[in-house]
Every structure is written in C-alpha cells, then in structure tokens.
Amino acid sequence: MLDPRLLRQDPHGVAERLARRGYAFDATAYAALDDQRKTLQTQAEELQAERNQRSKSIGKAKAAGDDIEPLKAAVAGLGERLDAAKTELEQVQAELEAIQQDLPNLPDDAMPDGADESDNRVLREVGTPRAFDFAVRDHVAVGEGLGGLDAPTAARITGARFTVLSGGVARLHRALIAFMLDTHTGTGYTEVNVPYIVNADALYGTGQLPKFGDDLFRLVEPEDYYLIPTAEVPVSNMVAGEIIEPERLPLRYVAHTPCFRAEAGAAGRDVRGMIRQHQFEKVELINIAHPDDSTACHEAMLASAERVLAALELPYRVVDLCGGDIGFSAARTFDLEVWLPSQETYREISSISNTRDFQARRMGARYRDAETGKPRLLHTLNGSGVAAGRALVAVLENHQQADGSVRVPDALVPYMGGLRTIVAA
RNA sequence: GGAGAGGUGGCCGAGUGGUCGAAGGCGCUCCCCUGCUAAGGGAGUAAGGGGUUUGUAGCCUCUUCGAGGGUUCGAAUCCCUCCCUCUCCGCCA
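Model, not experiment: these values are computed from the prediction.

**Q** Would you mind going over the protein's contact with RNA strand B with me for this structure?
**A** Lining the immediate environment of RNA strand B, one finds 21 residues, of which Arg 8, Arg 37, Glu 45, Ser 55 and Arg 366 sit closest. A share of 68% is what sugar and phosphate atoms reach among the atoms of RNA strand B within 4 Å of the protein. Between RNA strand B and Ser 55, the relevant distance is 2.7 Å, taken from a base nitrogen to a main-chain nitrogen or oxygen of the residue. Secondary-structure elements contributing two or more residues to the surface near RNA strand B are helix H1 (4-9), helix H3 (27-63), helix H4 (69-75) and strand E13 (366-368). It is H3 that contributes the most residues to the surface near RNA strand B, 13 residues altogether. Within the surface near RNA strand B, the residues separate by chemical class into five nonpolar, five polar and 11 charged.

**Q** Sorry, what's going on with the pairing of strand E15 (residues 379-387) here?
**A** Walk down a regular strand and you will see the side chains alternate between the two sheet faces. Most of E15 sits out of view: nine of its nine residues are buried. Inspection of the sheet shows strand E9 (residues 279-289) paired to E15 by seven bridges, in the antiparallel sense. Residue pairing in the sheet places Ile 286 in a bridge with Asn 382 of E15. The pairing of strand E12 (residues 345-354) with E15 spans three bridges and is classified as antiparallel. Looking at the pairing, Ser 353 lines up with Asn 382 of E15.

**Q** So what exactly am I meant to see when it comes to the nonpolar core here?
**A** Generally speaking, nonpolar side chains in soluble globular proteins are found buried as a group. The biggest cluster of nonpolar side chains holds 50 residues, and the ones touching the most others in it are Leu 172, Leu 176, Met 180, Leu 336, Val 386 and Leu 396. The element that contributes the greatest number of residues to this core is helix H8 (residues 167-185), accounting for eight residues. When near neighbours in sequence (up to four residues on either side) are disregarded, Leu 176 contacts Leu 312, Ala 388, Ala 391, Leu 392, Val 395 and Leu 412. By size, the runner-up hydrophobic cluster in this structure holds 26 residues, among which are Val 14, Ala 85, Leu 89 and Leu 96.

**Q** Any chance you could explain a negative patch on the surface here in plain terms?
**A** There is a patch of like negative charges on the surface, built from Asp 201, Glu 221, Glu 223 and Asp 224. For Asp 201, a relative accessible area of 61% puts it in the exposed group.

**Q** Mind showing me how you'd approach the sheet that holds strand E7 (residues 243-244) here?
**A** Pairing between the strands of a sheet is mediated by backbone hydrogen bonds and can be parallel or antiparallel. Taken together, three strands build an open sheet; the order of strands is E7-E13-E14 and the sheet is mixed. Whereas interior strands pair on both sides, the edge strands pair on one side only; in this sheet they are E7 and strand E14 (375-377). Bridging between E7 and E13 involves two bridges; their strand directions are parallel. Looking at E13, one finds that Ile 243 is bridged to Arg 366.

**Q** Looking at this model, I keep getting lost on the side chain of Asp 369. Mind explaining?
**A** Mapped onto the fold, Asp 369 is located in the loop between E13 and E14. A polar contact is formed between the side chain of Asp 369 and the side chain of Arg 376, at a distance of 3.3 Å. Not counting chain neighbours up to four residues away, the residues in contact with Asp 369 comprise Lys 374 and Arg 376.

**Q** Help me out: how do you make sense of the sheet that holds strand E4 (residues 190-192) in this one?
**A** Across the sheet, which stays open at both edges, the eight strands sit in the order E1-E10-E11-E12-E15-E9-E8-E4 with mixed pairing between neighbours. This sheet does not close on itself; its edge strands, each paired only once, are strand E1 (121-126) and E4. Between one strand and the next, the sheet's axes are offset by a mean angle of 25°, whatever the strand orientation. As paired strands, strand E11 (residues 332-340) and E12 are joined by nine bridges and run antiparallel to one another. Of the residues in E12, the one forming a bridge with Glu 337 is Glu 348. Of the strands in this sheet, E1, E9, strand E10 (316-320), E11, E12 and E15 touch helix H11 (residues 294-311), which is tilted by about 5° from E15.

Reading guide: rules and limits
- Residues numbered from 1 in each chain as written.
- Chains lettered and ligands numbered in written order.
- Predicted model: local features only at pLDDT ≥ 70, side-chain atom pairs only at ≥ 80, totals over all residues.
- Heavy atoms only, no water.
- Near = heavy atom within 4 Å.
- Polar contact = N/O pair within 3.5 Å; in protein donor to acceptor, adjacent residues only side chain to side chain.
- Helix = DSSP H or I, 4+ residues; strand = E, 2+ residues; numbered from the N terminus.
- Nonpolar A, V, L, I, M, F, W, Y, C, P; charged D, E, K, R; others polar.
- Buried < 20%, exposed > 50% of the residue type's maximum accessible area, 1.4 Å probe, protein only.
- Pairing = 2+ DSSP bridges.
- Core = buried A, V, L, I, M, F, W, Y, C linked by side-chain atoms within 4.5 Å.
- Contact = heavy atoms within 4.5 Å.
- Patch = residues over 30% accessible without salt bridge, like charges linked within 9 Å, V, L, I, M, F, W, Y side chains within 5 Å.
- Areas by Shrake-Rupley, 256 points an atom, 1.4 Å probe, with all protein chains shown as cover.
- Salt bridge = Lys/Arg side-chain N within 4 Å of Asp/Glu carboxyl O.
- Lys, Arg positive; Asp, Glu negative; His and termini not counted.
- Charge placed at Lys NZ, Arg CZ, Asp CG, Glu CD.
- Axes fitted to C-alpha atoms, helices over the stretch in contact; angles between N-to-C directions.

Below is the structure:
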C-alpha cells in the first residue's frame, strides 16, 4: 500500500514513478474520486457531530431531570440522513481502496528501467562455470542415476510438479538446509519456526492478496486459510500490528519452511525436474528495519545469501531487477542466479527485496521513534538465503562427476556425516 | 470435542446505557525539592483518519475498549454471530 497522503498530494508524481514499472495509474480519475470522497466525508462527519452533540445534551437533560421527549423528537430523521451519508461515503471509499490495493510499490530511484527480465542489470558474476570433459547431465538424470530423485512416483502420489527424494540426495537436501540455517544464525540471525498455514489477513499484509490469490493453495476449511507461498508471509507478519522499540531494530529472522505455489499461468514452463515445483523448501531471511537502515540491511542480506553460494562452490551472478521484472511489493530487488551447466545459463536461486514501508503499511507494523516518541512505519525486507530445492539442483549439476557420482562441497561434508561423494545406492 | 472464565491505552487493571478515550497503578517525559543516590511533591503521557495549513505546529472534526452485525436519540456497558487466550475434562503427536 502506498502512502494515501502522497497519493492525494501528488497523484501525477506517483503515476510517473509507477510508469517506470509498467503500471498505468490514472491519476486524474483518482484525484476526482478523492475530491468526491472529501465532500462526502465532510458531510457525513458534520451529521455525525450533530448527532453526537444532541445525544450528549439529551444525556445532560436526563441527568438534570428534564423532559427529554421534545429533544428526542428534534433528532428524528437525523439518523436516517446520517446512514445515507455514510453509505454514500463508504461506496466511494471502497472504490478508492480497491485502487490503492492494486497499486504496486514505488520503485527505488536506483532501480534500473526496463520492460522485462532481459533488461535486468547484471551487477557482477562470481565464480567460473566449470569446464566439463564429459557429457553434462541435467539434475534429473544425475538424481535418477543416483537412485535418489523420482518424479513418476510423486506423480502417482499427487500429480505433476512434485518429486520424491531419497537416500543421499534426500540427505543432501537436508544438509543444505541445515548448513544455511547455521550460516545465518552464525551471523546474528534468529532462527524461527512458523506456521505453514496462514490466514487471509497475513497474505494481505505482505501483498499476495487480494491480487495474487490465483497462485495460492487455499484450504477448503477454514476457507480463509492458505498454505504459505514463502516464509516471508508468516515471518514478516510477526510484527503486524506491533509497535517495536527502536533499540531492538533491526530484527533479523531466518526460517526454513516449505513453500506451496499453484504456479497458475506457468503451464509448460520448466516442466522437467525440480526447478518449478508446487512444493519446495527454502531458507528465508527477513529483516525488520528502521527506515534509515533498510538500504544497508538490503546489501547485508545480499551478502549473506552470496556467502551461501560461495561456500557451496557454485558460480552465480547478481542481478538488479528492472521495472518490468520486479515484484508487486518490492521497491528494489536483487536476484542471485546460479549457473546451471545443463541449461548453460543462470537461473534464479534467491530474490532479495526491500519493500520499504509498503508491507508495513498494510500490516500496521511500526516502531517508536526515539526522538518524537511517536509510532512510525517500519521497513520490511525479505530474501531467500537460499532456495533449497534449486540449490540441490545446482549442486547436483555443478558437482557431478564423470562416473555419475556427485562431489559434496566441503562446507556440506559435516552435514553429510563426513560423506564426500554421493554414489548410486 | 465438552464445561467454565476472560479479551479495555506501552504494561497492569477499574468501569453504573449518557457529562467515558475511559478511574487507579506501573512505566516514560518535564519541572520542583534534596550538596551524590534513594525517597518525596507537581504536571504531562493512546492510536488512526479527514478538514484547514507552506507545515510531521496549532485549531476543528470523525473513528477506535478482540472482530463483525443489531437494539437505542446515545453502547466499553444490552442482544446475536465469530475469533483468540486461560483453566478443567476428553482425545492425541
């Protein structure tokens, strides 16, 4: 949600900034609707004030023992006029709100311009893709060769876009998660374990609802419960409705959770393997920050995620998402893309966003300003550190060996019980 | 699942259908007193929206006592529905 005051004071400025991300905001229509709101609100409040005043004087008269019947008669009809005024106001307010809920975040000035992902700015490439002296297999072939990756069985249990992992591959997945959690808690993150089912309010708070409900799995009962699409939803909402004392900031949380996505509109994309699943696991970083610190926190989160990829000895690049590719709630997003030898390309493995006060406003997440003592909106940031499923894919592909085995990167060896190579079961 | 109790400001806690955004306390801020400290005295201290305005100042106004409906001229207070917390029982990992 954008600042309604800014929207009112400078709708055309907002429209210009939103245009950078390809969103057409009709500032003129909005301003006209808001003028209407202003008139109706003044009208309704005047009636309300009159009623309050009259009711109060009836109370006084009654306390004084006076006859209140004539006073009551004088109020007759006021209630109906008030109701009518309120109804009219509510309609216009609902229209305004519908527009506001739909507006994506204002981009950071530093965000690159561009129409789609091909316009993203590559900030740097780290590590060198390995030169293979044998035919590279994709992660499905490697995993199946090890007897540890099985989509057909998952299809029988559930359907498309699920995978059964087993043996060394399953353990590798668990090792990745444990390693990532330890890495982040080692740099000051607090590990949290959160609900994987959230209510509609939480999803509204982080911006998935009302606009992106199609990509969520929703429970039949209770019907306003949903499976989380990312840990960002439960973890960020930990501060919903709260006023945080500033000395506690920034709050830094790390959570390992499954993520459930309907992948509506992704039919036909990445159908082979574990790149795009309905269920995957992720280690997520959340920062709840003072507005003055959020940019620095964003950089630090990026460094934290990069540390993981470096330790896993995976080549990657850092990308600054352009206006055409950035998400609804984000003001600025850095993606980490890991090298996949089978595709000879970089694929997203982490997305790290500063939403500034966009989510905080929706959630009502505030801190107490040290100087004024007044509550002000926090900044919220989220980033994968990193996606476990895609990390597994990257390790299988990048560290595969000619004989079909997979080398365990040194950082993971302790988490594999000392195992240095995963071989076929 | 059954029975009961309860949800009020940063926290604890009182509250009769009207003069209640709400006693009292804690905490916090400022001031006074005390040659440090402690104790004492005084004042202040909820949030959100709108209007006015150059203004996050002031002024005017509306809303908010778990959420949503209802009764009433008027609801923290009465009625209905829902949510959450706690206690006991049952069940269960």
